[in-house]
Structure formats: C-alpha cells, structure tokens
Amino acid sequence: MAEVIGVRFKEVGKIYYFDPKNIKLKTGDKVIVETARGIECGMVALANKEVPDDELVYPLKPLIRKATENDLFHVEENKKREQEAFKTCEKKIAEHNLEMNLVDVEYTFDNNKILFYFTADGRVDFRALVKDLASVFRTRIELRQIGVRDEAKMLGGLGVCGRPFCCHSFMGDFQPVSIKMAKEQGLSLSPVKISGTCGRLMCCLKYEQEAYTDLLKRTPKVGAIVKTPEGKGLVVENNLISGTLKVKLDASPEGVAPTTFKVREVKLLKDGYIRMDKKEIDELKHLEE
C-alpha cells in the first residue's frame, strides 16, 4: 500500500496519482506537481488515501508544493497567453495554407512548452508551421492532432438531450461504443438518431449498456417462442424498459393483432436472437471510429 493523492489537470479529465510527500491535502486544493511533460498546476480530485501497489505505476511523481497565490496568478497569466497564442497560430495556419482546424492551446505551467491541439481530415505536414511558431514564441512547440470526440470534450456544448455533453461535464475517459450496443438497446440505426454532435456514436450508449444487457437476459427476444396464459406463440416485439412483449399466438386467426403480455406472464420455450445485418453494420462502422 502507498499513500497517494489524485490530481486532475482539466476540469473533467483523467485522474493521476502522485506522492503527497506526507502533506495532507483536501479535494479542491490546487497543487504544483512534476509530470512527464514538466511542472504543472492541477487540482486535487482525490485527497490522501492508501492505494494497493498493484494499482500504481512506479516511480510515483512527487508533489512539489501546494499552489501559492503567485502560482495561481501565473496560471491566470498563462490563460491570457493561450488566447493570444491561439490567434497567432490561426494566422500562421492560414499563411501556410494548411488544412487543419485549431481547437485549443495549452501552456505548461513552467512555460517550457506550448501545445496546440488541432483536427484534420488526414495527415498534415506541419513542420514548417512548428518552426515558424517556435521563432515567434521562442519555446518548445508541440502540435497534437486529436479526434472529433476529443474536440467535443474540449469545447463542450449541448447534446440532443438538451444537456451538456457527457464527455465535457463528467466523463474522465472515453469508452468504446459499438453499433451492436445501439442494436441491443432497440434503437433505430439511423446515424442522426444514434450519433452525437461530434458525429460519432453517443457516449451514453456505453453507460446504459450494462442495464440493457441485464434486461436482455430476462426478456425473450424478437423471434422467441413462448408459452403464454393464452397458449404458445411467437414474440414479434419486445419493450425492455416496460417489460412487455407482443406475441403472435399460434391459435390466433390470420390478421389478428398480436397480444401484449408482461414478461413475468410468459415462459420461454426457445429464445430468439438479435439480427445484425453485416451490410448495415459496415455502412455505420465510421460512427465507431
């Protein structure tokens, strides 16, 4: 076991463990720590706690100090510099006629490096741009190409549900989302219905999937043969949330509408399966990327 603190460097970002050096801190404290990319200022997301050794990556980077007023003033000054750097970089991108979209700019706390985040449809040769920016800012320059999901997380916005993006408001890391999840949740496979503003599958499909997986275990699928209080029949529709089934009874005359039953009222004789059309999946595969 080792005592650690968890630190975030973005409002909604990954939590990194650091050695607190026997200094007691509380959630919300600003701290100066040593990271792989230099000295940074972050916020304590997890106060001092014991963590098993197998959950840690050694050697742990150390806490340098709790942030002082001067440190916090320096952070605010860096934010102003970032705004100016953003404008300068946009002008340079235009001058170099590069097909890229600048998303965000970050100064490291010690000002030893400036990171420029951008999106682009393909690979971009930005070597000349880096040299140009280095001559302007006279420090190390790093251009980092990010995906559309990362762009949405950085910029934020409102989803189709009317709430702030999950990735921007509370999700630390992105989780894999698949077309199969949308299919199992009974959603229309229209790109407009299942993709977010970023143009990729909605993140909420992932954290709702566990509930749907559990419901699918207890709910006969479309195509299942079941025994009902009114006789044997074929499941033609199911509603996982309400726990109801529409069953076409064997004894019903042709053209008669299916009968609705609660899941608890029927006995499963032979389950159906969720059909995955390969052509349809291939056409929507780009939504997973």
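Structure: above.
Residues numbered from 1 in each chain as written. Predicted model: local features only at pLDDT ≥ 70, side-chain atom pairs only at ≥ 80, totals over all residues. Heavy atoms only, no water.

Colleague: Go over the packing of aromatic side chains, please, and point to the residues and values.
Modeller: With the rule as written, the count across this model stands at five aromatic pairs. With a centroid separation of 6.0 Å and 45° between ring planes, the pair formed by Phe9 and Tyr16 is classed as tilted. Relative accessible area serves as the criterion here: at 30%, Phe9 is assigned to the partly exposed category. Taken together, Phe9, Tyr16 and Phe18 form an aromatic cluster joined through their ring pairs. Here Lys153 stacks its cationic end above the ring of Phe174, 5.9 Å away from the centre of that ring. (Phe/Tyr/Trp six-rings, centres within 6.5 Å; stacked < 30°, edge-to-face > 60°. Buried < 20%, exposed > 50% of the residue type's maximum accessible area, 1.4 Å probe, protein only. Lys NZ or Arg CZ within 6 Å of the ring centre and 35° of its normal.)

Colleague: I'd like a rundown of the sheet that holds strand 10 (residues 231-239), residues and numbers included.
Modeller: Strand order in this open sheet of five strands is 12-11-10-9-13, and the pairing throughout is antiparallel. At either margin of the open sheet sits one strand with a lone partner, and together these are strand 12 (259-262) and strand 13 (267-270). This sheet shows a mean twist of 45° between the axes of neighbouring strands, independent of strand direction. Direction of pairing for strand 11 (residues 244-249) relative to strand 12: antiparallel, over a ladder of four bridges. From the neighbouring strand, Thr244 faces strand 12, where its bridge partner is Lys262. (Pairing = 2+ DSSP bridges. Helix = DSSP H or I, 4+ residues; strand = E, 2+ residues; numbered from the N terminus. Axes fitted to C-alpha atoms, helices over the stretch in contact; angles between N-to-C directions.)

Colleague: Can you explain the pairing of strand 9 (residues 225-228)? Please cite residues and give values.
Modeller: The alternating pattern of strand 9 places Val226 and Thr228 on a buried face, while none of Ile225 and Lys227, on the opposite face, is buried. As defined by bridge partners, strand 9 adjoins strand 10 across four bridges and the pair is classed as antiparallel. From the neighbouring strand, Lys227 faces strand 10, where its bridge partner is Lys232. Turn length for the strand 9-strand 10 hairpin, with the two strands adjacent in sequence and antiparallel, is two residues. Bridge count between strand 9 and strand 13: three bridges; the pairing is antiparallel. Paired with Val226 across the bridge in strand 13 is Leu268.

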